[in-house]
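The chain contents come next:
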Amino acid sequence: MKIVTVVKADAYGHGLKQIAALLMQSGTDIFGVANLAEAQSIRCVGHGWPILMLGACLPHEVEAAVRDEVMPTISSLAEAKAFNAAAGRLGKKSAVHLKVDTGMGRLGAPVAGALRLVAAVTALPHLSLAGLYTHYAAAEDDAAFTAAQQERLAVVLAALQARGLVPPLVHAANSAGLLHERRIVGNVVRPGLLVYGVVPPGRRRVSAAQRGVFHPALSLMCRVSFVKDVPKGTPLSYGHTFTTPRAMRVATVTAGYGDGFPRAASNRAEVLVRGRRCRVLGRVTMDQTLVDVSGVRGVKPEDEVVLIGRQGRGQITVAELAAACGTIPWEILTNITYRVPRLYRGSHAA
Ligand SMILES: *Cc1c(COP(=O)(O)O)cnc(C)c1O
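A brief report on the enclosed structure follows. (Residues numbered from 1 in each chain as written. Predicted model: local features only at pLDDT ≥ 70, side-chain atom pairs only at ≥ 80, totals over all residues. Heavy atoms only, no water.)

A word on the overall build of the protein. Counting its regular elements, the protein contains eleven helices and 18 strands. Seen through its C-alpha atoms, the protein measures out along the principal axes to roughly 75 × 40 × 40 Å. Taken over 350 residues, the protein has a buried fraction of 48%. For the protein, the exposed area adds up to about 16400 Å²; of that, 54% sits on carbon and sulfur atoms. Within the protein, one finds 40 positive and 24 negative side-chain charges whose respective centroids are separated by 3 Å. (Helix = DSSP H or I, 4+ residues; strand = E, 2+ residues; numbered from the N terminus. Buried < 20%, exposed > 50% of the residue type's maximum accessible area, 1.4 Å probe, protein only. Areas by Shrake-Rupley, 256 points an atom, 1.4 Å probe, with all protein chains shown as cover. Lys, Arg positive; Asp, Glu negative; His and termini not counted. Charge placed at Lys NZ, Arg CZ, Asp CG, Glu CD.)

This part is about the nonpolar core. Grouped together as the largest cluster of nonpolar side chains are 93 residues, with contacts concentrated most on Val 7, Ile 42, Leu 132, Phe 261 and Val 271. When residues of this core are assigned to domains, at least three map to each of domain 1 (2-213) and domain 2 (220-334). Once residues within four sequence positions are removed from consideration, Leu 132 is found in contact with Leu 98, Val 100, Val 118, Leu 153, Val 156, Leu 157, Leu 160, Pro 167, Leu 169, Val 170 and His 171. Counting residues in each nonpolar core, the second largest holds seven residues, with Val 230, Leu 236, Phe 242 and Leu 281 among its members. (Core = buried A, V, L, I, M, F, W, Y, C linked by side-chain atoms within 4.5 Å. Domains from an automatic or database assignment. Contact = heavy atoms within 4.5 Å.)

What follows concerns the packing of aromatic side chains. Counted under the stated rule, the structure contains two aromatic pairs. When the ring of Tyr 12 is compared with that of Tyr 196, the centres are 4.9 Å apart and the planes differ by 25 degrees; the resulting orientation is stacked. Remark: Tyr 196 occurs in the loop between strand 9 (188-189) and helix 9 (208-212) and Tyr 12 occurs in helix 1 (residues 8-12); sequence separation between them is 184 residues. Each member of the pair Tyr 12 and Tyr 196 is classed as buried. Relative to Trp 49, the ring of Phe 31 lies with its centre 5.8 Å away and its plane at 70 degrees, an arrangement referred to as edge-to-face. Of the two residues, Phe 31 sits in strand 2 (residues 30-33) while Trp 49 sits in the loop between helix 3 (36-45) and strand 3 (51-53), which places them 18 residues apart along the sequence. According to the relative accessible area criterion, Phe 31 is buried, its value standing at 0%. The lysine or arginine in question, Arg 342, covers the ring of Tyr 338, its NZ or CZ lying 4.2 Å from the ring centre. (Phe/Tyr/Trp six-rings, centres within 6.5 Å; stacked < 30°, edge-to-face > 60°. Lys NZ or Arg CZ within 6 Å of the ring centre and 35° of its normal.)

Another aspect to go through is helix 3. Every buried residue of helix 3 is listed here: Leu 36, Glu 38, Ala 39, Ile 42 and Arg 43. Buried residues in helix 3, looked at end-on, bunch into an arc of 160 degrees, giving them a common side. Where helix 3 begins, the side chain of Asn 35 points an oxygen toward the backbone nitrogen of Ala 37, at a separation of 3.2 Å. (Arc of directions from axis to C-beta. Polar contact = N/O pair within 3.5 Å; in protein donor to acceptor, adjacent residues only side chain to side chain.)

Bringing the pairing of strand 16 (residues 289-292) into the picture now. Side chains of strand 16 alternate between two faces, with Thr 289 and Val 291 and Leu 290 and Asp 292 buried alike. As defined by bridge partners, strand 13 (residues 248-253) adjoins strand 16 across four bridges and the pair is classed as antiparallel. Note on strand 16: the bridge partner recorded for Ala 251 is Val 291. (Pairing = 2+ DSSP bridges.)

Taken by themselves, the reported measurements are silent on function.
This is the structure in structure tokens:
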């Protein structure tokens, strides 16, 4: 089994160059990126690594993709021909992956046309068909639909098998597929979120034992900058969406939506101060947020505030923060902004 490690969107907000360097030391087979700029960032870290571009290549990018030896995702004969022509002009052979749309509805050839497309691509002289893949639409929620997607791919693979056209790499599983499916389709997996130690939330059950395998790579912290006692009836922050129901001790902390702590966390999320859960009070602002530290002894400026991660016996997971904000962990992670200083720990830190 091989792995396409998905490092798109700045490695899910973890820092593409650092994560790519780490993976080059600790091992991956292929890097999965969304676009050419991300592929080029990986090339700056180290040469010669296989890179699969998961997004479609725009017509004006085809030549650059061939030159940089980035494997494109091909959904149509027109795309395949553009790559074949560019590779011919550059005197290269371009390795490509064909995508089949089994129910995601985003990229990929329709199942009914897949056999014809594979046959046509195989015949193009400047292309080599390295892989065939599909993408799950609801692997974290819907076992039956995922099984149906697998069945559609199986039909395509059987037809290819009969003609000796199955490419070397076949893949489908994203993180949720890898986590939930008993049988992994093909010989490659393609996880993103799980690589960063985050279990994709969804309706399908994850056992405690499974959960125990994963440890989040990322924590998000800021600091207390100011503490005050306010009387009952004090309105707080922009728009006065919160008014103290009693006398409270309120801490101002040094992160806001300008750092990627979502404005949707206003009046909803909790953070950790001195190991205790503290509610966000009123609107999260660009640079600062107010939290209730009434129940916490000794809070003072400089104290660490955990927005995502562990502190003492407390933990705020990215899934919890996402749920409080009505979004998903992927969005929380990729929205952490470049104002936040990044610290990489451990012997592999690049
Ligand atoms: C983003 C992406 C993945 C990884 O998804 P996760 O849910 O983060 O594991 C895999 N394949 C494709 C095509 C993707 O776009």
